[in-house]
Amino acid sequence: MDQSEPISNPSLRYRIPLYPTQFLCAMAIVSVGPLLDSMMTDLGVSLSRGGLISAGLFLGNVSGIVVLNTTMARVPVKRTLIGGAILQGASLIAAGLATVDLWTLLVAYLFVGFSGALLNATCWMWQSAHMKKNAAAAALKMILFFGLAMMIVPLVLGMVLDAGADWRWILVVEGGLSLLTASVIAVFPLLDIPGRRNVRATQFKEVFSHNLGLLLGMMGAGFTYVGAEMTMNVWLPKFQIDVFEAGDTWASLSVTLFWAGLIVGRLIVMALTRRFAASRLLLLCACIMAVFTVAVALVPSQVASLVLTVGAGLGASASYGLIGSFSGRFPGWQSSVASSLFVLSGGIGSITFPYIMGPLADSAGFQIALAALAVPAIIYGLFSLLIHARSGEAAHDAG
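All figures in this text were calculated on a predicted structure; none of them were measured in a lab. (Residues numbered from 1 in each chain as written. Predicted model: local features only at pLDDT ≥ 70, side-chain atom pairs only at ≥ 80, totals over all residues. Heavy atoms only, no water.)

Considering the overall build of the protein chain
So, step 1. Within the protein chain, the regular secondary structure consists of 17 helices and zero strands.
So, step 2. Rg of the C-alpha trace for the protein chain: 20 Å, near the compact-globule value of 21 Å for 399 residues, within the 12% margin.
So, step 3. Once the C-alpha set of the protein chain is aligned to its principal axes, its extents read approximately 55 × 45 × 35 Å.
So, step 4. Relative to its 399 residues, the protein chain shows a buried fraction of 60%.
So, step 5. Carbon and sulfur atoms make up 69% of the accessible area of the protein chain, which amounts to about 14,600 Å² in all.
So, step 6. One way to put it: in the protein chain the 21 positive side-chain charges average out to a point 17 Å from where the 17 negative ones average out. (Helix = DSSP H or I, 4+ residues; strand = E, 2+ residues; numbered from the N terminus. Rg over C-alpha atoms; globule rule 2.2 N^0.38 Å. Buried < 20%, exposed > 50% of the residue type's maximum accessible area, 1.4 Å probe, protein only. Areas by Shrake-Rupley, 256 points an atom, 1.4 Å probe, with all protein chains shown as cover. Lys, Arg positive; Asp, Glu negative; His and termini not counted. Charge placed at Lys NZ, Arg CZ, Asp CG, Glu CD.)

Pasting the structure below:
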């Protein structure tokens, strides 16, 4: 099959590399939370500066998105994924073996984030270019593999940390898995993205002029949703340790339970996308996430807090895939640019909100800081109303 030929909803054989790539992206991101307390203790990092580690990761992520979209259009998708996996592997190994202080760890995570952007943004560009039929369900199917890693990895890390493993060697092992994944990606065929171009200012104008309201809705929702979700991923274990004096296994279990809710929620919403408008489902998810996040933060019992993280995950569940699916409403090459702008806005949110959590928890207390994540959840719920109005779903409902 000609890999440059545009094909709508290609068969599984031509989509396989996307799934281990999503798992790989998630592994690097979700590891920060369970390892954060050990990193901070080992390197002598204060609570107010703890968010700098994740900020380095997500700053690299944003940088990678910019480079991918402005300079790498001629690089085939498969080469981009292989190169990103190799770079991520090398960066994780360097983070484990070469870190001497907060700043060297931050630099290593800049490259981890950069490589992760090449992997994740390329998957979403591919998704928006090829999966036009029932795009929301297809997006949720791909992101289930991301969610699988987010659920399994924290639990494994918590157990090995309690068994005495050092965070440095954990990163080295993850780097080795990244290199192994690069070889797996190389084995399978993958269609390229037809008509892809390096983005210039005039092209941004063209995408914005096509449907400004929809694009702003996607970017605003991406910024607030991803920022809130990544703050939960990064800080939930540290919250459990500081507020409830939990051990590493129980602390890391909070992220696993959060993502168990996400996985279950995505399976439920995947079925509902055939019956309900994606933007309405997004609004429902935002409301549920806001309510349960406040509950997780303020209940006095550790057991209740852990159980309620499942509800917060159910609320967050399908939001990323639902927002990303609207990039398919843009024609041709514009869909890839819209997808990347959505991922970029989410990356900026990932820098902003997890970083703010450190100083806020230090000054106002961890429970108040975590409860405050209901605010971005409410905001992306409001953005879902704009998406509904400008995506064509409102007109469809009226008809």
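Description of helix α14 (residues 334-364)
So, step 1. Helix length check: α14, at 31 residues, gives a terminal C-alpha distance of 43 Å against a target of 45 Å (1.5 Å per residue), a fit within 8%.
So, step 2. At the exit of α14 stands G365, carrying a positive phi of roughly 100 degrees. (Expected span 1.5 Å × (residues − 1).)

Structural notes on the nonpolar core
A general tendency of soluble globular proteins is for nonpolar side chains to be buried together.
So, step 1. Among the nonpolar cores identified, the biggest contains 129 residues, and Y109, F146, Y225, L370 and Y380 are the most heavily contacted of them.
So, step 2. For Y380, the contacting residues outside a window of four places in its chain are A221, T224, Y225, L282, C285, A286, M289, G315, A316 and S319. (Core = buried A, V, L, I, M, F, W, Y, C linked by side-chain atoms within 4.5 Å. Contact = heavy atoms within 4.5 Å.)

Quick look at the pattern of salt bridges
So, step 1. In this structure the tally under the stated criterion is three salt bridges.
So, step 2. One salt bridge connects D42 with R168, and the closest N-O pair in it is separated by 3.3 Å. Note that D42 is positioned in helix α2 (residues 32-43) and R168 in helix α7 (residues 167-187), a separation of 126 residues in sequence.
So, step 3. Each of D37, K238 and D242 takes part in one network of salt bridges that share partners. (Salt bridge = Lys/Arg side-chain N within 4 Å of Asp/Glu carboxyl O.)

With respect to the environment of V307
So, step 1. Note on placement: V307 falls in helix α12 (residues 302-316).
So, step 2. Each C-alpha atom, one on V307 and one on F258, is 8.8 Å from the other, the two residues being 49 residues apart in sequence.

Observations concerning the packing of aromatic side chains
So, step 1. Inspection of every chain in the model, using the stated rule, returns eleven aromatic pairs.
So, step 2. Judged by centre distance (5.8 Å) and plane angle (65 degrees), the ring pair of W235 and F366 falls under edge-to-face. Linking W235 in helix α9 (residues 212-244) with F366 in helix α15 (residues 366-371), this pair joins segments that are 131 residues apart in sequence.
So, step 3. With relative accessibility at 0%, the residue W235 sits in the buried group.
So, step 4. A relative accessible area of 7% means that F366 is categorised as buried.
So, step 5. Ring centres of F258 and W259 lie 6.4 Å apart, and the angle between their planes is 85 degrees; this geometry places the pair in the edge-to-face category. (Phe/Tyr/Trp six-rings, centres within 6.5 Å; stacked < 30°, edge-to-face > 60°.)

Brief notes about the state of the cysteines
So, step 1. As enumerated under the stated definition, the model contains zero disulfides in all.
So, step 2. Between C285, a free cysteine, and C287, which holds the nearest cysteine sulfur, the sulfur-to-sulfur gap is 9.4 Å. (Disulfide = S-S within 2.5 Å.)

Some thoughts on a nonpolar patch on the surface
So, step 1. Residues F145, L148, I152, V156, M159 and V160 make up a contiguous nonpolar surface patch of roughly 440 Å² in combined accessible area.
So, step 2. Secondary-structure assignment places M159 in helix α6 (residues 135-162). (Patch = residues over 30% accessible without salt bridge, like charges linked within 9 Å, V, L, I, M, F, W, Y side chains within 5 Å.)

So, the side chain of T21
So, step 1. Topologically, T21 is positioned in helix α1 (residues 18-30).
So, step 2. Aside from chain neighbours lying at most four places away, what touches T21 is L81, L119, C123 and I185.

Here's the deal with unusual backbone geometry
So, step 1. Residues other than glycine seldom take positive phi values, yet E245 does so here, at roughly 55 degrees.
So, step 2. For E245, the location among the structural elements is in the loop between α9 and α10 (248-272).
So, step 3. Here E245 falls in the exposed class, since its relative accessible area comes to 72%.

Describing the packing of helix α11 (residues 278-298) against helix α16 (residues 374-390)
So, step 1. Look at α11 against α16: their axes get within 8 Å of each other, and the N-to-C directions meet at 170 degrees. It follows from the interaxial angle that α11 and α16 lie roughly antiparallel. On α16, the residues touching S279, R280, L282, L283, C285, A286, M289, A290, T293 and V294 of α11 are A374, A377, I378, Y380, G381, S384, L385, I387 and H388.
So, step 2. Partitioned by chemical class, the residues of the contact of α11 with α16 number 13 nonpolar, five polar and one charged. (Axes fitted to C-alpha atoms, helices over the stretch in contact; angles between N-to-C directions. Parallel < 35°, antiparallel > 145°, perpendicular 65-115°, else oblique. Nonpolar A, V, L, I, M, F, W, Y, C, P; charged D, E, K, R; others polar.)

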